[in-house]
Every structure is written in C-alpha cells, then in structure tokens.
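Notes for the structure review
This is what each chain is made of:
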Number of protein chains: 2
Amino acid sequence: MLPGESLLDGARRGAIPLASSCGGSGTCLSCMVRIEAGTAPAPSAADRLLFSAKLLADGWRRACQVWPTEGCSVLVPPRSSGAQAVRTLAGGDVRITPDPTVRTWRIRLAGLADDPARGLDDRLFAAINGTGPARCQALDVDALRAAAALAGREPAKLLAALRLGELVNVLPASRRALALAVDLGTTSIGAFLLDLRKGHTAAISQAGITNPQVSLGGDIITRLNLAVREAGRRQDLQRLATGGINRLVAMLCGQLGVPATDICDVVIAGNAAMVHLLLGLPVDGLAHAPFSPALRGAADLRARDLGLAVAPGAGVHLFPGIAGFVGGDHVAALLALETRGLAGSALLLDIGTNTEISLLHAGTILTVSCPSGPALEGGEITWGMQAAAGAIERVALDGGVLELQTIDGAPPEGICGSGVLDIVATLLRGGVINHRGRLQAGHARVRDNGPAREFVLVGEEERDAPAIVFTQGDVRAVQLAKAAIRSGIDMLLQAAGLDEAQLDQVIVAGAFGSYIAIDSAVAIGMLPDLPRERFRQIGDAAGLGARLAALSHPHRARAAGIAREARHVGMAGSAAFQRRFISRINFH
Amino acid sequence: MLPGESLLDGARRGAIPLASSCGGSGTCLSCMVRIEAGTAPAPSAADRLLFSAKLLADGWRRACQVWPTEGCSVLVPPRSSGAQAVRTLAGGDVRITPDPTVRTWRIRLAGLADDPARGLDDRLFAAINGTGPARCQALDVDALRAAAALAGREPAKLLAALRLGELVNVLPASRRALALAVDLGTTSIGAFLLDLRKGHTAAISQAGITNPQVSLGGDIITRLNLAVREAGRRQDLQRLATGGINRLVAMLCGQLGVPATDICDVVIAGNAAMVHLLLGLPVDGLAHAPFSPALRGAADLRARDLGLAVAPGAGVHLFPGIAGFVGGDHVAALLALETRGLAGSALLLDIGTNTEISLLHAGTILTVSCPSGPALEGGEITWGMQAAAGAIERVALDGGVLELQTIDGAPPEGICGSGVLDIVATLLRGGVINHRGRLQAGHARVRDNGPAREFVLVGEEERDAPAIVFTQGDVRAVQLAKAAIRSGIDMLLQAAGLDEAQLDQVIVAGAFGSYIAIDSAVAIGMLPDLPRERFRQIGDAAGLGARLAALSHPHRARAAGIAREARHVGMAGSAAFQRRFISRINFH
C-alpha cells in the first residue's frame, strides 16, 4: 500500500479485481471485505453507521473506507470480487451461407529459386492471385511479418487470410483461421471463438467474465463521469476493456490449445459508452444531455490499434449504433432477431442500465432508449451483485415463511437482477409493499434501521456476516427502472399507432432478460400483461449478432442497413417521456 | 557504466550518439575518443598497436576498447560523433499540378442542435460529402479523436484531410495541412516539409541528420548482420530509425512553430535494408545471397503503426523497389529524373555502399546493383568520416607540397567520400600509387607503419592528435568500389547493346555523388571518360522523388510503374559480373 491509499485504490493499482459499483465514493456496499489478520484500522464514521459493533469487531469494512497503515490479510467475499465467472447464454445457433469478411485460401508459396530478386510480397501476390478466385491487392505489414516467419528458401503450403482484398494474416496450412465475436457489455463480456469456414454460428469455444471496468464503477454513468473528469482514468478504462477481451482470448485459445494469432478477424458489439471507452474516444458528449456520441456508425480498425492480442493485422469491426444510447449491441440483437423469421408486430427489449427497446412493425423499426438505471442488474441495490454463485435469484413468501433460491445453491451473498425483480413482485403480491411502493411496517421481516426501512432477507445471525436486506431505497430504484421501461414501450406503441394487445411477440434479450421471471416483470408493471406464450427470452442476442457478422459479410452489411433504417423516436429528456414516466411510477 | 560494459556500449545505452562504423568489433577508428579527466584505463593490446605512446598517455582510446571502472570525462572529436548535422542538397524544384494522395477540404461542421442523436461521425460525413466534390466513405478513429477535440456544441470551421476517401486527420480551418517527405539513407536522413496544397516541390523547411543507426554500424552490412544475429538489436535499429525521423519532424515543425499533428501524410524513400529495418521486417533474406527482400513493392501504413510523431492516422507510403538491392530510393531518383525531360540514352548512378545504376534507353529502364562497399562514403576507410565540418574533401599534390581542403575550412578531422576519391586520383596522377594500386615507397609522405604502408595527410605533430593517414588498405577498398561500379556500367551497356561513347548523359545523384570531382572519378576509372558536359550532378534526387510522390498521386502511381517496368539485369554474384569486376580492378 502507498501512504494515504485506500484498500480499494491499492487493489486497483495491483490489478486485484474488486467490485466497486459506486466507483469508490462510499455510497454502496459492493466493496465490502473482512480484514482477517493484522490490525484492522479503526472503522470510518460511515462504516460505523453501516456495520454492527460485532461485525466491526469481526473486521468487516468497505475497502474504499479503509486506509491501511500496515500489512493485513483481507477476505474478499465472492460478491465483492470483480473477477467472477459469469453465466453466458449463447443465444442460439443459426445456419448461414459461409461468406465471411475475412476469407481464407490455401496457397502454395514459391521458393526462392524461382526469381530471387522478387520479394516475398511478390511471391505472396503470385501465390494468392495465381490460383482460384482469390484476389489480393494489398498486404498488411504484419501479415508480411507472419509470412516471413513461415517462408523459407523452399516452397511452402500456407493459409492466407484476406480481408476485402488485403492480406491480413498468414498461417501454416495445417491450422484453421478463427474469428472472435465479442459481446462487450457494461457488466460482463462474452466472447465466442468461431471457425471462419463454418456455416453456422455455434462457437468452438465461449466464455464470459465480469467486465474488469467494474473495479472503477459498476454502472455506465459512474464510469463515464470518471472518464470525463480524469484523462488518466479514461486510459485506465480503455486498458481494462482491452485487458478483459485479451483475458477471454487467452482463455478461449488456451481451451483449444491454439495460438491467439490464429484469430484473423474480430467483431465487437457494445453499447455506445463501452465502444467509446474501448476506443479511447472522448465521452463528454455521452455523459450529458443531449447524449451525442463521437462515433455512432460502424468502425473498422486493426487489432494492433487496440492492443488486442490476436493477429496484429486482424480487422476489428465495431457494430454501428442507431443513436447516442442505442448502440451496436442493440443493432446486433436486431440482426440476430431477423434470423428468427418474425411475423407480426414484435417488441425487442435489451434491459440494462440503459434499456433499448425496438418495435418491429410493418417493415419498420422504431427504437427508444430508456434510462432504467442499474437497479435491474443489481447495481445501486444495497445488496445487489452479479449473477454469480450465491446470488439470490428467486424469492417466494408463503405466509410468513421466506424461501430463497440462489445461483448454484450456494449460501446467499447478495441479490442479482432477476432476484431484485422477484423480490419486488413477491413483496407486492404479499402486501409487504403497497401500490405506491412503500414497505409496510408490521411484517416480521420489515424493520426500521434508523430512518431507513428495510426487508430482511437473511439476518446477521443467520450468516454471521452483515444482514442481507432489501431497503425502501431499493424498492424506489426498481420503481424508477420499471417506469422508465414501460414508458419506453408506451412511446413506441404510440408512435406506431398500436395498442399493447396488438403485440404478437415480446422478446426479452440479454443475460438479465433471460433469467427474469416474466410473471414478476408483469406483476410490477414493467412489461405489459399479455398472454404468456407471446413472451420469449432469447438469451445473448447481441452475441449471436456479433457471431453472424463475424461469419457473414452480408449480415455485417445488413447491420449497417438496420442502423440506418431504424428510427429513434424518443429520448429520456423529452416532455412526452416525462409525462408517461410519472404515470408509470406506481404499481398499478 | 555497467560492470564489464565498454564505453561504446555505455554511450549506446545512454543514447549518446557515437559513430561506430564497424559496429564495435574493433576493426575501425571511427569511435576514437580522448579521455580527458579521471583515470584512463590501461589501453587494450589493439589500441597499443594503434596509438603512439604519447597519444596513449594523452588519453586517446577507441570507445569500443575501453571498459571504464570509474567515472571519467571523455572528449568526442567531431568525427566520432554520431549526431552530426549533414549537408543536404534539395535536388531541385519542380512545378506540378497539385493532386496529392491526401487532399484537404474546408468544411463547416454542424453543431449539436441539428440532431443530437446523430454522432460526430455522422456530422463529419455530412459536412464533407454535403459540399463540393469531396467524397468520404470512412473515418480513421484517430481523425475522429482529432475532430472530437475541436468540435463543440456550436458549428465549427475545420480542415478535413482525406486519403483516398478516408478521413485521416482534422485540423482547425486556420491551419495548413502538411506532408513530410523523407529520404531515408544509410548514412543520413533528409526530411522535407511540404504544403499539401502547393504545386511545386520546394520544401517549406528541410533538414538532414546523420542516420542514428550509425551508432550500431556505419554501413548496411554491419547493421544487417547485427539485426540477423540479435532480435533485440533489430528492435534497436527500428527505434533508431523512427527516432531519427521523429527528431527531424521536431526540428522542421519547431522551425515553423506548427504542431507535428499538422502533418497528414508521409512519404519515405529508402533502400531495401533501410525500409526493412524501419518496418521491423526480418532481414535474413537481405543479409545473404541471393538477397531476396521480404518487401519489394510499395507499402502503405499509418503513422501510428510506425510510432511516427505526426498525425497518428496519417498515411505512410514507402516507395516500391525494383529488386533486392535496388530499393525505393533509386525508384524515387528515377521518378525525379523523369521530370527533367531526358532525351537520348542516360545513365543514373546512386553511389553508396550499394550502388544502383539505371540505364534509360529507348523507353526502357535497365537496372543493376553493385556491391561497391562503404569506402566511397568514407566507411571502412581508416580515417573516413561523414561529410561534416573538418572532413577533407579535396586534395592537391603540387610536387611534394600537399594541399588539403576541408568542409567549412575547419581543422582536418578525417576524410569524407569526395575526399577519398580525390586522394586516390591525386596520388595516382602524382605517381604515388601505381596502376596496380600499390603505394610507392620514396615519397616523403609515404611511410611503413609496421607491415602496413600509408600516406600521411596530417602528421601527429601537425595536430597533436593521431595522424590522419590514407593506407594501402584504403586504396584497395577504393579499387574494389570503383571496379564494382564500372562493372555495373559495363553490364548495363552490354545488355542494351550500347557503347559507352553513345551515352548522352551520365547523371550522378545523391549527396556523395554531388560533391565528388568528376575528373577524379574518371581518373580512377570509376566513370567512363566522356566529354565533361555530358555529366550532371543533381543532388538528392531520391528526396525530390519523395516530394513529388507526397504532392502528386499520379507521380506516386508512376513510381509503381517504374518499379514494375524496370528490368534488373545483374547481380553481384553472377559470373558475368565477376569477370568484368576482375578486369576493372586495376587503374587502367
């Protein structure tokens, strides 16, 4: 530890992944740890209010509120770890005609004897253009380096990877060229390794991790504000994003036992904020209304431009977005949806800190973005956590008896997004919250903790650690989130002149959306009350879209078409939105 | 100093530029220094043979032969400095139609009010494509970063730099977009700053410096061998090359008081070895027969790929070469020559460690490369040095009286290339060397230094420092060089079926070629004995070619045409070359 440095800052400096939803400002509980050995420094005033005397004596502190002066040993509960493995949902497999942006060709490179005055570049051009339909007009210098490492005086059999007429990588003929598709989310990053010659989107291997940026803030807004305030933090956020993708590359290639330089093309789908932070673009425009991005359309770079640990000449394609807060991840989800043969009028929801909703109707796409806040992902919820082992994901209240279901059946550690939704719906049904969202005194598990009322899910005595509670403030956060989403749906329906009963399908995409109980979402009024068979939860549609674009150039082009055609109908700031929002705050 | 480290290695580590022709192997005199204060370590056995007792006592040593064990103060004579300013010869000014690869357009970027959901990228596309003939299909991410730094909520007047339909840089409208043309030579680097809108090749500012790679070896072969042996040295050589260009950028932009990011395009002409070292390409193929390059054709990169300190999205165009040892610098010189309205049969010579010669005759270009060695540039000549202050450049022998002319009239420090040629011609005319190249005993200034005979140019007593001599070995080096060049000329004439008397012009390009006395070159038989009015010395033609390609896309395309059309007729290794070479060793 450096003098005057908090435990959280020390962990950040040492690249020890520690969650920090609020970015270290001391307003959340996400960085809670237990000092196990060594002298626990005296608790801060804020921590003294937060933890009981027993817990303080046991060493419980928040990492952002501890400034160690000597060495100590710290237990990081799973919930406070910023490096949890997260569940991934592949989002289905689709058959396509193989026609990738990067195509590979087996070539026979002539040896030196032919005409030594010619360069290796001349021999590569001759080998590629001489046989079959491949056409190469340019060589990336890193592809030339790769070829030089493989070519000798004798003829050689090689695999040439061409991106739109430019040689971008060269591999031994025995290998297969790979593509990487990335769903770069605010809370987690999913990555898929694909065989560039295959005609279906099933990944050879896939993995998901927490977005390492959570160590600098759990939600987009915290990170954007940090990036606006300090250029150094913007660089940190960029490094964390590329570091996360590189970690996934190492995991996926390690599983297969192939070098990462076999990856010849990369496609990334992310929201505008994630894309800006990844590219190191200024985010000032995104942090404030009217939320104007520096980059709205697609971008194409080289892997070396971003420091991605794949073939350095590999292309990196970033999905185009529709508007400031309707980014490439939503376009990727729309692209994936088009492969499903939709009929009638359909609603696509991508629920997160910012919720993007599209209405597909009569051949048009209408889109809205709603500032739903991080509550539904477990962020800004006192005991919120990621969808990892120990997260409470289902709740039932049978009379006075509370039943909790956690991920992997592990001891409860916190509450993930689907749990948050379920708790509110359950408490609402049980009358523990009224229609205005007030927690009702009188229930055995409702208590007043100073001025704040809270519902106890797991008592301190039940787990020998701080009690897991759901506070009045948490209920309010969910109310704001559901009101924002439902207002967005209202605006789309109005713009299309539709009634909600006319919706043929309501498709909920994304990891969070796939785990929620639709009944709960309807119960709290977040989704319209339609026959349940009209709802579909399709998993990581953005990831599927990224995979489609990695394997099929026509699909990549279609994504640009979707981004161009979609009409953005509403912004959070508009008066129309505000009116609806207020009318949707209450539970019915 | 690190333990066991020589003074030379210490200087390299500390980035103190010290000449080292032989790369530190102890076979030359280029790193000679004088230890002025502190204890001079005992001289090495090799230095004891080289320096007189008085000079050793005065502290004279070679930096590669001293391993200091304590601090000492060292005088670096100008000749031993690796960072001399060198003479540049602009190579003439040519008027052209302005049609650069990177074109600039004044644009009016809309403010945020128009449609905030659009991105800055959308606004840039609209501003560029909306007015006039400019067409922009893609944005480089660094151009977007530059635009984001200049754009605000209000409309802005900007300068957009487009490279073949892609936005590569954005500047305030008040600035002018610049191009950088570089002649990347083995011994020196020349750089020219150009206004991209101008229709003539005169530079706004220009400068030349010693190629910083001389600290790792004076000639190409030494550096190539170093790069082949040690990957770390290859990286050092790359860093030195980019560092040299960046130093020139800082000098040129400093002179004008403009930021280096105003440079939107870069063109570099260099021989194959320089280009390979700059790009970090493997040089194994170049270091050994049959001298096959990894890259023969042109290359196009981004400035950020090379770490050049200009606009990071700026294009970097490397001239195409003709064959392994006929590189882009010769193509650039040929391009420059075409602007001169040549008629008849002409010979173009680019004299250096490797001498490239082209015969332009009846609409064809025949080219040969000759391994002339570094002697004519002063390398591998015992007292050779760069064309800097104190270099002996002219010699006259009137009876027994020797007259020396040095650059800037400074006290003699060594001999530059033109001096080397002049000395041999003068000694030949005076009968001090016979027609077989042997130094004749009997002349007052000829002495036997152990087994080696030498001609004393400046005695030890005349300068209170080691005597400046021209040795028998130096004469032999010049014989090999002139034989190589003359054999190349012979081969070209034979291939074209021409007699040397039919040559209408003999054009000598390059800094060295511009300073030599044609009479001396003819006297030693390096050049054919033709009427003197047929000879022309045109200065830095490669630099002019680079400037043409920076300002005119058609000229850039023409360079590719020259590289494609030129026929490479001879290699050093061929039997035909060897026969001629032997017949040309003697002086008549």
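What you see is a predicted model, and the numbers here were worked out from it, not measured in a lab.

**So, the overall build of chain A**
Helices and strands together make up the secondary structure of chain A, namely 19 helices and 25 strands. Projected onto its principal axes, the C-alpha coordinates of chain A cover approximately 90 × 65 × 40 Å. Here chain A, with 588 residues, has 58% of them falling under the buried criterion. Within chain A, residue pairs in contact and separated by at least 24 positions form 70% of the contacts whose partners lie at least 6 positions apart.

**Observations regarding the relation of the copies chain A and chain B**
For the pair chain A and chain B, the relating rotation is 180°, the translation along its axis is 0.0 Å, and the fit reaches an RMSD of 0.1 Å. Taken together, these values place the two copies in the relation of a two-fold axis. Across chain A, the rotation axis passes nearest the C-alpha of aspartate 305 of chain A, at a separation of 3.9 Å. Comparing contact sets, 100% of the residues at the interface of chain A also lie at the interface in chain B, consistent with an isologous, same-surface contact.

**Thoughts on helix α11 (residues 328-338) of chain B**
Taking burial as the measure, the 11 residues of α11 of chain B include 10 buried ones, the bulk of the element. Residues of α11 of chain B that are buried: Gly328, Asp329, His330, Val331, Ala332, Ala333, Leu334, Leu335, Ala336 and Leu337 of chain B.

**Here's the deal with the domain arrangement of chain A**
Residues and elements named next belong to chain A. As far as domains go, chain A holds domain 1 (7-76), domain 2 (102-172), domain 3 (178-318) and domain 4 (342-588). The centre of domain 1, based on its C-alpha atoms, is set 31 Å off from the matching centre of domain 4. Among the residues forming the side of domain 1 that touches domain 4, the class breakdown is 5 nonpolar, 2 polar and no charged.

**Comments concerning the environment of arginine 108 of chain A**
All names here are of chain A. Among the structural elements, arginine 108 can be located in strand β4 (residues 102-109). Classification of arginine 108 as partly exposed rests on a count of 13 C-beta atoms within 10 Å. Sequence separation of arginine 108 and alanine 509 is 401 residues, and the distance between their C-alpha atoms is 46 Å. In this structure arginine 108 touches Ala127, Pro155 and Lys157, once residues within four positions along its chain are discounted.

**Here's the deal with the interface of chain A and chain B**
Opposite the 29 residues of chain A that make contact, chain B presents 29 residues. When residues of the side of chain A that touches chain B are traced back to their parent elements, those giving at least two are α4 (120-130), α5 (141-150) and β12 (299-302) of chain A. At 4 residues, α5 of chain A tops the list of elements feeding residues into the side of chain A that touches chain B. Class assignment for the residues of the side of chain A that touches chain B results in 18 nonpolar, 5 polar and 6 charged.

**Points about unusual backbone geometry**
Residue and element names in this part refer to chain B. Despite not being glycine, leucine 164 shows a phi value in the positive range, around 50°. Among the residues examined, leucine 164 registers 14 C-beta atoms within 10 Å and is labelled partly exposed. One non-glycine residue, aspartate 464, lies in positive phi territory at about 50°. Mapped onto the elements of the fold, aspartate 464 is located in the loop between α13 (460-463) and β22 (468-471). Of the residues examined, aspartate 464 has 9 C-beta atoms within 10 Å and is grouped as exposed.

**Brief notes about the environment of glycine 270 of chain B**
Residues and elements named next belong to chain B. Mapped onto the secondary structure, glycine 270 falls in strand β11 (residues 263-270). Sequence separation between glycine 270 and leucine 318 is 48 residues; the distance between their C-alpha atoms is 7.8 Å. Ignoring sequence-local partners within four residues, the contact set of glycine 270 consists of Leu184, Val275, Leu278, Gly327, Gly328 and Asp329.

**Details of the sheet that holds strand β18 (residues 401-406) of chain A**
Residues and elements named next belong to chain A. Here 3 strands make up an open sheet; going across it, the order is β18-β17-β19 and the pairing mixed. Each edge of the open sheet carries a strand with a single partner, namely β18 and β19 (414-415). The sheet contact formed by strand β17 (residues 391-398) and β18 spans 6 bridges and is antiparallel. Counterpart to aspartate 398 in the pairing with β18 is valine 401. Those strands touched by helix α12 (residues 417-429) are β17 and β19, and its axis lies near 15° from that of β17.

**Description of the sheet that holds strand β2 (residues 60-62) of chain A**
Residue and element names in this part refer to chain A. Here 3 strands make up an open sheet; going across it, the order is β2-β1-β3 and the pairing antiparallel. Of all strands in the sheet, those bounded by a partner on one side alone are β2 and β3 (73-75). The sheet shows a mean angle of 45° between the axes of neighbouring strands, taken without regard to direction. The pairing of strand β1 (residues 32-37) with β2 spans 3 bridges and is classified as antiparallel. Bridge assignment links methionine 32 to a residue of β2, and that residue is arginine 62.

**Looking at the pairing of strand β20 (residues 446-449) of chain A**
Residues and elements named next belong to chain A. With 4 bridges joining them, β20 and strand β21 (residues 452-458) adopt antiparallel strand pairing. Looking at the pairing, aspartate 448 lines up with arginine 453 of β21. What sits between the antiparallel neighbours β20 and β21 is a turn of 2 residues, in which glycine 450 has the positive phi angle 65°.

**Comments concerning the confidence of the model for chain A**
Chain-level statistics for chain A give a pLDDT mean of 89 and a share of 97% at 70 or above. Reported for the predicted complex are a pTM of 0.86 and an ipTM of 0.86.

**Brief notes about the packing of helix α11 (residues 328-338) of chain A against helix α17 (residues 541-551) of chain A**
All names here are of chain A. It is the contact of α11 with α17, at a shortest axis distance of 7 Å, that shows an interaxial angle of 75°. One finds that α11 runs roughly perpendicular with respect to α17. For the pair α11 and α17, contact is made by Asp329, Ala332, Ala333, Leu335, Ala336 and Leu337 and by Ala541, Ala542, Leu544, Gly545, Ala546, Leu548 and Ala549, respectively. Its residues assigned to classes, the contact of α11 with α17 shows 11 nonpolar, 1 polar and 1 charged.

**Observations concerning helix α14 (residues 472-496) of chain A**
Residues and elements named next belong to chain A. Compared with an ideal rise of 1.5 Å per residue, which puts 25 residues at 36 Å, α14 spans 37 Å between its outermost C-alpha atoms and is within 8% of the ideal. When you tally the buried positions in α14, you get 18 out of 25 residues, the bulk of the element. With its phi angle positive at about 70°, glycine 497 sits one or two positions after the end of α14.

Basis of the calculations
- Each chain has its residues counted from 1, following the order in which its sequence is written.
- Each chain takes a letter, starting from A, and each ligand takes a number, starting from 1, following the order in which they are written.
- Totals for whole chains, interfaces and linings use all residues, but because this is a predicted model, local features are given only for residues with pLDDT of at least 70 and pairs of side-chain atoms are given and counted only at 80 or more.
- Put simply, DSSP H or I for four residues or longer makes a helix, DSSP E for two residues or longer makes a strand, and each gets a number counted from the N terminus.
- As a rule, residues whose C-beta atom has 12 or fewer other C-beta atoms within 10 Å are exposed, those with 20 or more are buried, and those in between are partly exposed; C-beta atoms are placed from the backbone.
- The contact rule is simple: place each C-beta atom from the backbone, and if two of them lie within 7 Å, those residues are in contact.
- Superposing the copies works by least squares over the C-alpha atoms of residues that have pLDDT at least 70 in both of them.
- Bear in mind that the domain bounds are from an automatic or database domain assignment.
- Residue classes follow a fixed rule: Ala, Val, Leu, Ile, Met, Phe, Trp, Tyr, Cys and Pro count as nonpolar, while Asp, Glu, Lys and Arg count as charged, and any other residue, Gly among them, counts as polar.
- DSSP-based pairing: two strands are paired if at least 2 bridges between them are found.
- The axes used here are C-alpha line fits, helices contributing only the stretch in contact, and every angle between their N-to-C directions lies in the interval 0 to 180 degrees.
- Every residue gets a pLDDT, meaning the predictor's confidence in that residue, from 0 to 100.
- What sets the label is the angle itself: under 35 degrees gives roughly parallel, over 145 gives roughly antiparallel, 65 to 115 gives roughly perpendicular, and the rest give oblique.
- Multiplying 1.5 Å by the helix residue count minus one yields the expected span of that helix.

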